[in-house]
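Okay, here's what each chain looks like letter by letter:
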Amino acid sequence: MSSKERVRHVDVGARIGRKLEGRDEDKNKIEQNFADLHMRRVELRNKGDEELRHAGALEQESIEISLLDTVPCLPGQWTLQLHDKVMQKLEESRTSLDAAEAIYKQAGAKDKLASTEVLRDRLGSLKLKTVKLREWSECLAEAELEVQDAARLGLPWGEKHFVCAREKLEEAKRRLKEAGEDGPDESSGRLKPKSLILNKFDLRLLKVRRECERRRAKVSQHIQQTSNPNAEKRQSAVRSLGQVGRKPVPCGVDFFGNLEELVDERRWNESEGRGDEEVVRAVECSLLDTDGQIRQLAMEGLPSVCKEDDITVMDKIASLLQDQSVHVRMKAMQTISSIAARDAVRAYQLLCDRLADPDTTVRGVAVKTISQLLRDSEDQDSEQYNQIIAH
């Protein structure tokens, strides 16, 4: 073999050796890259597992917080603060879950995605339940405001508030059912705390309404008796309406459903309590009663049941200055004189018209009443007196 041939064979062998060596290096690199990728995926899976565990722990915390209102020593109501804490934990859990899901996808861990979906469904259910419980709490709070308004106004003015309170209570029951917190507890058989709250509120609402009805019952009975065929019962009813025919005293409602008066009853009856439309209407109808004594009682009671600034009272009584009964006409003059402060000039004119009454007794009473009116006006209000004299 010549030297050139030997050199050529050596070069070929060297080239073959270099190729084999290069292949080994490529194989080693691939194996190394695969090992690195595997480790990276393991790290990502571990990190995803950590985020998933964190999300699960936050879910459990939200459940524990939501159970605080069932502890006997606590108020026993789903408060807004509890709601906010639960929603915060659920949101943090969802954030960790999203992170875990993104990491699993990055790691190609498709087998782990099913676990994230299970937890996501649980979080969705818990969030829906929490929202429904907040709506339940809001409905109950609105019902409480309606009950307070109803007690403040009394019946019949508070009737619409009682109706609204009942509607809000029924809506709260629906929200609680949607949250799965209604009815008895499966483990103990006892009524769940929030259902118990609704039942107590229902009984409290009935108690408040019955008390309002009781307070109004006496006035309502007197109003009905003004139409009784028996004259004596009509007299008694009209006389009583003049004394007690007032709007109900505003009340508040305590935790147990007891009514607590917000203002002094005596002061209320002398001012804001006057002007009860039903009472005023009943007394006005009694002004036309066939019994003269009842007409007199109605005249006497009308100013006390009407508001002090009601200027129509004098004209309503003035219609009886033409009554066929002498006693009724005299009572009308006395009543007009007693409320002359509402419109002194008008009272003076009405009384002066009675100076021409066909009955001498009535004319005599008219003279005395006018004289007294002038004296009272001069003593109490010089301007009022001058207005009367000017006419």
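None of these values were measured; they are calculated from a predicted model.

### Section: the overall build of the chain
- A count of helical and extended segments in the chain gives 14 helices and two strands.
- A total of 391 residues make up the chain; the buried ones form 38% of that total.
- Restricting to contacts in the chain with at least 6 residues of sequence separation, those with at least 24 account for 65%.
- Counting every atom, the chain has about 23,200 Å² of accessible surface; 51% of that belongs to carbon and sulfur.

### Considerations on the nonpolar core
- In terms of nonpolar packing, the biggest core is built from 38 residues, with Leu302, Ile317, Met333 and Ile336 touching the most fellow members.
- Of all the elements, helix α9 (residues 292–305) adds the most residues to this core, at six residues.
- Ignoring anything within four residues of it in the chain, the contact list for Ile336 reads Met314, Ile317, Ala318, Leu321, Ala347, Leu350 and Leu351.
- Leu140, Ala151, Ala179 and Cys212 belong to the second-largest nonpolar core, a separate cluster that totals 24 residues.

### A few points about the pattern of salt bridges
- Applying the stated criterion across every chain yields a total of 39 salt bridges.
- Here Lys168 makes a salt bridge to Glu142, at a shortest N to O gap of 2.7 Å. Highlighted residues: Lys168 in helix α4 (residues 159–178) and Glu142 in helix α3 (residues 110–153), separated in sequence by 26 residues.
- Take Glu142: its relative accessible area is 34%, and that puts it in the partly exposed class.

### Observations concerning unusual backbone geometry
- Residue Pro156 follows Leu155 across a cis peptide bond; omega there is 10 degrees.
- Within the element layout of this structure, Pro156 appears in the loop between α3 and α4.

### Here we look at helix α6 (residues 231–244)
- When the terminal C-alpha atoms of α6 are compared, their 20 Å separation across 14 residues agrees well with the 20 Å that a helix rising 1.5 Å per residue should span.
- Those residues of α6 that sit buried are Arg234, Gln235, Ala237, Val238, Ser240, Leu241 and Gly242.
- Residues of α6 that are buried make contact with α5 (193–225), α8 (277–286) and α9.

Cut-offs applied
Residues numbered from 1 in each chain as written. Predicted model: local features only at pLDDT ≥ 70, side-chain atom pairs only at ≥ 80, totals over all residues. Heavy atoms only, no water. Helix = DSSP H or I, 4+ residues; strand = E, 2+ residues; numbered from the N terminus. Buried < 20%, exposed > 50% of the residue type's maximum accessible area, 1.4 Å probe, protein only. Contact = heavy atoms within 4.5 Å. Areas by Shrake-Rupley, 256 points an atom, 1.4 Å probe, with all protein chains shown as cover. Core = buried A, V, L, I, M, F, W, Y, C linked by side-chain atoms within 4.5 Å. Salt bridge = Lys/Arg side-chain N within 4 Å of Asp/Glu carboxyl O. Expected span 1.5 Å × (residues − 1).

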